[in-house]
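Residue-level structural notes
Below, each chain spelled out in residue letters.
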Amino acid sequence: MDWLLNVLSQGADVMGDDLLRALPRLVVSVSTFAIAVAALSFLWQRRDLPAVYRRVALALVLLLLGIAVSFAMAAMQIMQPSSYARLIEAVAALSAVVAVFLIRFVLPELLALPSPRLLERNNRHLKSEIDAHIDTMRELTDIRSDLEEKVRVRTRELTAAKQRFEAALTGSDIAVFSQDTNLIFTWAYDPRRGLTAEEVVGKTDADLFPTDVAPAVTEAKRNVVANGKGTSMNVVVKAADGASQYLRLSIEPLRDSAGEIVGLTSAVVDLTERHDYETRLSALTSGLAQANARFDMALRGSPIMVFSHDRELRYNWVYNPAAGLSGDEMLGRTDEEFWQDETRLPIVIMKKAAIASGEAQHGEIVMTLDGDRRFFQLRLEPILGADRAVQGLAGVAVDVTESHRQEEHLRLVMRELTHRSKNLLAVIQAMARQTAARSDDLQTFVSRFSARLQAMAASHDLLVAREWHGAILRDLVNAQLGQAIDPGSDQLRIEGPTLSLRPDAAQNIGLALHELTTNAAKYGALSVPGGQIALNWGIRDGDRLHLHWAETNGPPVQLPERTGFGITLLERGVGQALDGTVTLNFMPGGLVCEIDIPLSHALD
């Protein structure tokens, strides 16, 4: 036991010394190996490092492994020598060589790496830039927030504008489209026909318009794209049922922010209803024009005046004003402003009554225009509004002055006719008595009386032909002589100026000429073929009308033994009735009669 303990004690001493010498090498070996393992772990976990760093780290790992193996083998050699130690050391040396080899090739790249001071300066610069970028990011974030808010506001405004746009077009006759430069529709809004964008976008005009319209529309749009100038055109589209649709296209170029044409926009207005309205309006206008023409023709030159008032009785329309009135001066004025005398009172009373009662008024008024007293038939009709309230008046004034004058003239003529009829009956009665007194039998009376009545009738015919305003003396002579001879006969020579006699003078001169003609035909110049009668008249002394009747080449004349009715009529009836004188001379060659009456019995 002692020897064993001794051996062990000696062995322990030996091993203790070796362990003490090998322990530092083992510590270095283990530490270096641990560092190499840590480096490998780092390389595995940081595979994103650049290649140069990976190569340097690998070289260091190999070097550390070589050192670790070398120190481990050195420690093992001390504690327990081995034949493999040299081999292992050779491997460790080879690892170190490889590490040096790797370091040799990456050394230029390592030298090119920035120094720590430079890295620090760059880091500070980088940090400042990062801070600046952070500030910029904050500003950009704020700007982005503002922009997003503005975008939201603009989006709301755009949505509202779109809603207003659609509301404006809804129910209208307008459709709006956009197309690209190839004339393919890219957007559409057509509330009239209810076409959706899906039904239009991607199509062309040839797909939407009939074949007889599409080429013209396409050509117009191509011109807009080519020259950049807007245009408009009207087209007529025939529907399947044969009805015509009238459209107006307004085409404008669509430009981008650089001003380049990227397409076009077009607005299509449906003018069908407007065309129908215009057609009907044209027909109504034509009818109204014809009615106005007929109205104007009916009133032109007539005594009818048409006018209208507003509720304050101001004239707002006057047509065909009466003579002495001016429509332009009456417009905008009332009767109180226009008329300055009492003439307006009856008119104003009638018009105010029509306004107050709402009922038509009519009556006759008398007015003085340009110093002439005129009569008007006035009719007033209230103009009613939608609420049946009186808005004004429409009136018609008919100038009946001429009717009044004709009535007055007719009354005068009737009085004159009555007076003349009485005188004529008195003359006829006297003529009948005188003719009867100087007639031997009834047949002679009837013949003479009828002839004298015809003479009176001839004078009356001339007076009636001139509306009883008188008779031309030459016509009276021809009428009375024509009962016995042609006034153009060679047996007559008639001379004298043109004169017109008043009705009384025409009747009495006519009877005188009848008696002279009858006597000449029975006993005087007209009873033989060669007899001549010369009748002339003229004005003497400025105020006397003188007629001269002379017969020649007739039978010898003898003074009558008794005074007949003809002589009595000439000397007393004609002369006394006309305040003149009648002279009869029974000359041997023929009867000569001179009638002298005041010129007042002649008309101017």
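Residues numbered from 1 in each chain as written. Predicted model: local features only at pLDDT ≥ 70, side-chain atom pairs only at ≥ 80, totals over all residues. Heavy atoms only, no water.

It is worth spelling out the overall build of the protein chain at this point. Looking only at helices and strands, the protein chain has 16 helices and 17 strands in total. Across the 604 residues of the protein chain, 31% fall into the buried class. Taking the contacts inside the protein chain whose residues are at least 6 apart along the sequence as the reference set, 52% of them involve residues at least 24 apart. With the model as given, the accessible surface of the protein chain reaches about 37300 Å², and the carbon-plus-sulfur share is 58%. (Helix = DSSP H or I, 4+ residues; strand = E, 2+ residues; numbered from the N terminus. Buried < 20%, exposed > 50% of the residue type's maximum accessible area, 1.4 Å probe, protein only. Contact = heavy atoms within 4.5 Å. Areas by Shrake-Rupley, 256 points an atom, 1.4 Å probe, with all protein chains shown as cover.)

Formed by 38 residues in total, the largest nonpolar core has its most connected members in Ile509 and Trp549. No other element matches the seven residues that helix α15 (residues 503-522) contributes to this core. In this structure Trp549 touches Leu481, Leu513, Leu516, Thr517, Ala520, Ile533, Ala534, Leu535, Leu591, Val592 and Cys593, once residues within four positions along its chain are discounted. In this structure, Ile355, Met367, Leu378 and Leu380 belong to the second largest nonpolar core, which totals 22 residues. (Core = buried A, V, L, I, M, F, W, Y, C linked by side-chain atoms within 4.5 Å.)

Overall, antiparallel pairing links the five strands, which are arranged β2-β1-β5-β4-β3 in an open sheet. Edge strands, defined here as strands with exactly one partner in the open sheet, are β2 (185-189) and β3 (231-238). Strand-to-strand twist across the sheet, computed as the mean angle between neighbouring axes with direction ignored, equals 20°. With seven bridges joining them, strand β1 (residues 174-180) and strand β5 (residues 261-270) adopt antiparallel strand pairing. The residue of β5 that forms the bridge with Gln179 is Leu264. (Pairing = 2+ DSSP bridges. Axes fitted to C-alpha atoms, helices over the stretch in contact; angles between N-to-C directions.)

So, on to a nonpolar patch on the surface. Residues Met137, Leu140, Ile143 and Leu147 make up a contiguous nonpolar surface patch of about 380 Å² in total accessible area. One can find Ile143 in helix α4 (residues 116-169). (Patch = residues over 30% accessible without salt bridge, like charges linked within 9 Å, V, L, I, M, F, W, Y side chains within 5 Å. Salt bridge = Lys/Arg side-chain N within 4 Å of Asp/Glu carboxyl O.)

Side chains that are three or four residues apart share a direction in an α-helix, a result of its 3.6 residues per turn. Across its 20 residues, α15 extends 28 Å between first and last C-alpha, which sits within 8% of the 28 Å expected from 1.5 Å per residue. Along α15, 15 of the 20 residues are buried, which leaves the element largely enclosed by surrounding structure. (Expected span 1.5 Å × (residues − 1).)

Right, let's talk about the packing of aromatic side chains for a bit. Inspection of the entire model under this criterion finds two aromatic pairs. Judged by centre distance (5.5 Å) and plane angle (70°), the ring pair of Phe177 and Phe185 falls under edge-to-face. (Phe/Tyr/Trp six-rings, centres within 6.5 Å; stacked < 30°, edge-to-face > 60°.)

Confidence in the prediction for the protein chain averages 76 pLDDT; 74% of positions are at 70 or higher. Ignoring residues within four places in sequence, the model shows residues 3-15, a span with pLDDT below 50, making zero contacts including any to other chains. (pLDDT = per-residue confidence, 0-100.)

The next thing to look at is the environment of Leu603. For Leu603, the position within the fold is in the segment after β17 (590-598). Along the backbone, Leu603 and Arg502 are 101 residues apart, and their C-alpha atoms lie at a distance of 6.2 Å. Here Leu603 is in contact with His469, Gly470, Ser500, Leu501 and Arg502, once residues within four sequence places are set aside.

Enumeration over the complete set of coordinates arrives at ten salt bridges. Salt-bridge contacts for Arg138 lead to Asp135; the nearest nitrogen and oxygen are separated by 2.7 Å. Of this pair, Arg138 and Asp135 both sit in helix α4, three residues apart, which is roughly one turn of that helix. A salt bridge links Glu157 to Arg154; the nearest nitrogen and oxygen atoms lie 3.6 Å apart.

With that out of the way, let us pick up the sheet that holds strand β9 (residues 372-384). Strand order in the open sheet formed by five strands is β7-β6-β10-β9-β8, with antiparallel pairing between adjacent strands. Edge positions in the sheet fall to β7 (315-319) and β8 (361-369), since each has one partner strand and no second. With strand direction ignored, the average angle separating the axes of adjacent strands in the sheet is 25°. In this structure, strand β6 (residues 304-310) lies alongside β7, joined through four bridges in antiparallel fashion.

Pairing of strand β12 (residues 492-495) with strand β14 (residues 532-540) involves four bridges; the strand directions are parallel. Looking at β14, one finds that Glu495 is bridged to Asn536. Hairpin connection of β14 to strand β15 (residues 544-552): three residues between the antiparallel strands, including Asp541 at a positive phi of 55°.

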